[in-house]
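# Per-entry structural report
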Amino acid sequence: MANEVIGVIGGSGLYEMEGMTGVTQVTVDTPFGRPSDEYVIGTLDGVQMVFLPRHGKGHRFTPSEVNYRANIYGMKKLGVTRIISVSAVGSLREEIVPGHIVVPDQFIDRTRGFRKDTFFGNGIVGHVQFADPVCGELSEILYRSAGEVGATVHKGGCYICMEGPAFSTRAESHMYRSFGASIIGMTNLTEAKLAREAEICYGVIALSTDYDCWHESHDDVSVEAIIEIIKNNVATAKKIIRKAVAQVAAGRGCACGEALKYAVISDTSVIPVETRENLDLILGKYL
Ligand SMILES: CSC[C@H]1O[C@H](OP(=O)(O)O)[C@H](O)[C@@H]1O
Ligand SMILES: Nc1ncnc2[nH]cnc12
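Residues numbered from 1 in each chain as written. Chains lettered and ligands numbered in written order. Predicted model: local features only at pLDDT ≥ 70, side-chain atom pairs only at ≥ 80, totals over all residues. Heavy atoms only, no water.

### Concerning the overall build of the chain
- Within the chain, the regular secondary structure consists of seven helices and eleven strands.
- What you see for the chain is a C-alpha radius of gyration of 18 Å, in line with the 19 Å of a compact globule of 287 residues.
- In terms of overall dimensions, the chain has a C-alpha envelope of 60 × 40 × 35 Å along the principal axes.
- Buried positions account for 52% of the 287 residues belonging to the chain.
- Residue pairs at least 24 apart in sequence account for 83% of intrachain contacts in the chain once pairs closer than 6 positions are excluded.
- Roughly 12600 Å² of accessible area belongs to the chain as shown, and the carbon and sulfur atoms make up 50% of that amount.
- Averaging the locations of the 28 positively and 34 negatively charged side chains of the chain gives two centres separated by 3 Å. (Helix = DSSP H or I, 4+ residues; strand = E, 2+ residues; numbered from the N terminus. Rg over C-alpha atoms; globule rule 2.2 N^0.38 Å. Buried < 20%, exposed > 50% of the residue type's maximum accessible area, 1.4 Å probe, protein only. Contact = heavy atoms within 4.5 Å. Areas by Shrake-Rupley, 256 points an atom, 1.4 Å probe, with all protein chains shown as cover. Lys, Arg positive; Asp, Glu negative; His and termini not counted. Charge placed at Lys NZ, Arg CZ, Asp CG, Glu CD.)

### Concerning the site of ligand 1
- Ligand 1 sits among G11, S12, R54, H55, P63, S87, A88, F167, G185, M186, T187 and I226.
- Within the contact set of ligand 1, an oxygen atom lies 2.8 Å away from a side-chain nitrogen or oxygen of R54.
- With respect to ligand 1, the backbone of A88 contributes an N or O atom lying 2.9 Å from an oxygen atom.
- Class assignment for the residues of the shell around ligand 1 results in five nonpolar, six polar and one charged. (Near = heavy atom within 4 Å. Polar contact = N/O pair within 3.5 Å; in protein donor to acceptor, adjacent residues only side chain to side chain. Nonpolar A, V, L, I, M, F, W, Y, C, P; charged D, E, K, R; others polar.)

### Some words on the UniProt feature "site: Important for substrate specificity" (unreviewed entry) in the chain
- Mapped onto the present numbering, the UniProt feature "site: Important for substrate specificity" (unreviewed entry) falls at S168 and V223. Despite a sequence span of 56 residues, these residues sit close together in the fold, their greatest C-alpha distance being 13.1 Å.
- Summarising the element assignment, S168 is placed in the loop between β9 (158–162) and α3 (170–178).
- Residue contacts for S168: discarding those within four places in its chain leaves M162, S173, Y176, I184, D212 and C213. (UniProt positions renumbered as here; feature names shortened; annotations may be inferred.)

### As for the packing of helix α2 (residues 136–148) against helix α5 (residues 223–249)
- Where α2 contacts α5, the axes come no closer than 8 Å and their chain directions differ by 140°. As far as their axial angle goes, α5 and α2 are oblique. The two elements α2 and α5 cross, and the hand of that crossing is right-handed. Residues L138, I141, L142, R144, S145, A146 and E148 of α2 form the contact with α5, whose own contacting residues are I240, K243, A244, Q247 and V248. (Axes fitted to C-alpha atoms, helices over the stretch in contact; angles between N-to-C directions. Parallel < 35°, antiparallel > 145°, perpendicular 65-115°, else oblique. Left-handed = near helix turned anticlockwise from the far one by under 90°.)

### What to know about the state of the cysteines
- For the structure on display, the rule yields zero disulfides.
- Distance from the sulfur of C135, which forms no disulfide, to the nearest cysteine sulfur (C254) is 3.8 Å.
- Residue classification places C135 among the buried positions, given a relative accessible area of 2%.
- No disulfide involves C213; its sulfur sits 17 Å from the nearest other cysteine sulfur, which is in C161.
- Judged by relative accessible area, C213 falls into the buried class, the value being 7%. (Disulfide = S-S within 2.5 Å.)

### Section: the pairing of strand β5 (residues 80–91)
- Where burial is concerned, most of β5 is hidden: eleven out of the twelve residues are buried.
- Note that strand β1 (residues 5–10) and β5 share six bridges and pair parallel. Bridge assignment links V8 to a residue of β5, and that residue is I84.
- Here nine bridges tie β5 to strand β11 (residues 201–210), and the two strands are oriented parallel to one another. The partner of I84 across the bridge, within β11, is G203.
- Strand direction decides the pairing type here: β5 and strand β10 (residues 183–185), joined by two bridges, are antiparallel. Along β10, the bridge assignment pairs G90 with I184. (Pairing = 2+ DSSP bridges.)

### Some words on the packing of aromatic side chains
- Within this structure, the stated rule accounts for five aromatic pairs.
- Aromatic side chains F32 and F119 sit 5.2 Å apart centroid to centroid with 65° between the ring planes, which places their arrangement in the edge-to-face category. With F32 in the loop between β2 (21–26) and β3 (39–44) and F119 in the loop between β7 (106–110) and α2, this pair connects stretches of sequence that are 87 residues apart. You'll find F32 and F119 in the same group, each marked buried.
- Aromatic pair F107 and Y159: ring centres 5.2 Å apart, planes at 65°, arrangement edge-to-face. Linking F107 in strand β7 with Y159 in strand β9, this pair joins segments that are 52 residues apart in sequence. Like Y159, F107 is buried.
- Between R177 and the ring centre of W214, over which it is positioned, the NZ or CZ distance is 3.7 Å. (Phe/Tyr/Trp six-rings, centres within 6.5 Å; stacked < 30°, edge-to-face > 60°. Lys NZ or Arg CZ within 6 Å of the ring centre and 35° of its normal.)

### Let's talk about the site of ligand 2
- Taken together, 13 residues surround ligand 2, and among them A88, G90, T209, D210 and D212 come closest.
- One nitrogen or oxygen atom from the side chain of D210 is found 2.7 Å from a nitrogen atom belonging to ligand 2.
- Contact with the protein chains removes 95% of the 260 Å² of surface that ligand 2 exposes when unbound.
- Class assignment for the residues of the shell around ligand 2 results in eight nonpolar, three polar and two charged.

See the structure below:
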């Protein structure tokens, strides 16, 4: 049985992952700068795990400031092949009640270019396929596991990734609903793109915390309300991970591990030496 190393990126309210044994903390250097924090390495029910709090311990980085490239590169360097992201999201649909879980399968990009969301550039150009932005196999396991631990879980849905850090205006919130989107957050799309480029599976456990500001009979979103819901529901996310981990680690039958196979368009003879070195971990096998 193949044994994948599983990464967990904890979002708002999830800054540590209890239950891991043989835990060590490691600082990882990357060509893209410093990750959000030290990585916590250990095992969970016999599966090798790597945990990173997305915003750093103490929640120090805004969604625009998070160094997503370093975070994903660090996961790759530690041997991670599948990432489970845990995130707080606003609900854009009546039926996605605060406290429910969503396992999204699509994204719409409303970021504004402040964050680096590709490993390409500096003399090498590549375009990965991104029509299906999350790993279907991993997402299916997360969805089933959520049901098994008793959570109310929604299969699929479109996550609007906004820049933030201010929440949306009411007009924007209504516009996103008119797009048919299901949930809104500020982080996951950037990670999904970089994970795809790093050939790492990416799946999301999104915890609905609020109705953003479109719902006439609910208060407008606030950090206070989000924290309250997260406090009561973060244990569910941890149970889902625990339930999912053995299956997630049992080898991958998806195509995520070959995402770069036909992505590079640059003539490899013109790639600058430094760029080649920086991307060796991710792209070396194709160059
Ligand atoms: C604390 S409210 C807004 C904040 O929460 C979400 O973070 P994450 O995706 O890391 O759970 C959202 O994306 C914003 O960053
Ligand atoms: N309403 C909202 N908008 C953006 N990010 C969020 N994270 C949690 N709730 C959110």
